[in-house]
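# Structural characterization, general
Each chain, letter by letter, is given below.
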Amino acid sequence: MRSICALVFLGAFTLGYASDLAPLESRKIDFLIAAIETLGDAKFVRNGTAYDAKAAADHLRLKLQKAGSRVRSTDDFIRYCASVSSVSGAPYQIRFSDGRVVTSEAFLRQKLSDFPGHQGKGV
């Protein structure tokens, strides 16, 4: 019985984040995760280890899920889920095949400006 209660609680927790986001914010976050997932040969560097684009996108989805109601906007997603390691505090980086390295925060804020109709802060 305890196991069933735990599963129900966890299920409610993991699904809770979706209802706390306005549909537009959810679409923007999906857009940003897709931008990471389609980076091709670029590597997502987290805590000193390089991950491929698919693994990076999966990690961001997991962090979003775990963040729950703390993420109410795209800005929250970038700050709480996609910029720094919650373990070490080290910034996430993206290393492109040409050798360029940018923080994931800078990359995502630039990508957000590409979202159709986005009128946010310039980055």
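A brief report on the enclosed structure follows. Every chain's residues receive numbers from 1 upward, in the order its sequence appears when written. Given that this is a predicted model, residues contribute local features only at a pLDDT of at least 70 and side-chain atom pairs are listed and counted only at 80 or more, while totals for whole chains, interfaces and linings are drawn from all residues. As a rule here, side-chain values cover all heavy atoms of the structure and leave hydrogens and water aside.

### Focus on the pattern of salt bridges
A carboxyl oxygen of Asp or Glu within 4 Å of a side-chain nitrogen of Lys or Arg is what we treat as a salt bridge. Evaluation of the coordinates by the stated rule reveals 10 salt bridges. In this structure, the salt-bridge partner of R61 is D58, at a minimum N-O distance of 3.1 Å. With a gap of 3 residues between them, R61 and D58 both fall in helix α3 (residues 53–67), about one helical turn apart. The exposure class of D58 is partly exposed, given its relative accessible area of 34%. We note a salt bridge from D76 to R79, for which the minimum N-O separation is 2.8 Å. Of this pair, D76 and R79 both sit in helix α4 (residues 74–80), 3 residues apart, roughly one helical turn. Only protein chains enter the accessibility calculation, which uses a 1.4 Å probe; a residue is then buried when its area is under 20% of its type maximum, exposed when over 50%, and partly exposed in between. Taking relative accessible area as the criterion, D76 reaches 11% and is therefore assigned buried. By relative accessible area, R79 is classed as partly exposed at 38%. Residues joined in a network through salt bridges with shared partners are D75, D76, R79, E105 and R109. Here a helix means four or more residues in a row that DSSP labels H or I, a strand means two or more in a row labelled E, and each is numbered from the N terminus.

### Focus: the side chain of S104
Within the element layout of this structure, S104 appears in helix α5 (residues 104–112). Since its relative accessible area comes to 0%, S104 is described here as buried. Whether two residues are in contact is decided by their heavy atoms, any of which lying within 4.5 Å being enough. In contact with S104, other than residues within four places in its own chain, are F44, A82, S83, Y92, Q93 and I94.

### Some points on the nonpolar core
Buried Ala, Val, Leu, Ile, Met, Phe, Trp, Tyr and Cys residues that are joined via side-chain atoms within 4.5 Å together make up what is termed a nonpolar core. The biggest cluster of nonpolar side chains holds 27 residues, and the ones touching the most others in it are I36, L39, L60, V71, F77, I94 and F107. Those elements that place two or more of their residues in this core are α2 (23–37), α3, α4 and α5. Here this core takes 6 residues from α3, the largest share from any one element.

### Concerning the environment of V101
Assignment of secondary structure puts V101 in strand β4 (residues 101–103). Given the relative accessible area of 45%, V101 is considered partly exposed. Once the C-alpha coordinates of V101 and F44 are considered, the two residues, 57 residues apart in sequence, prove to be 9.7 Å apart. V101 has contacts with Q93, I94 and R95, leaving out every residue within four places of it along the chain.

Spatial relationships are all this shows, so hold off on functional conclusions.
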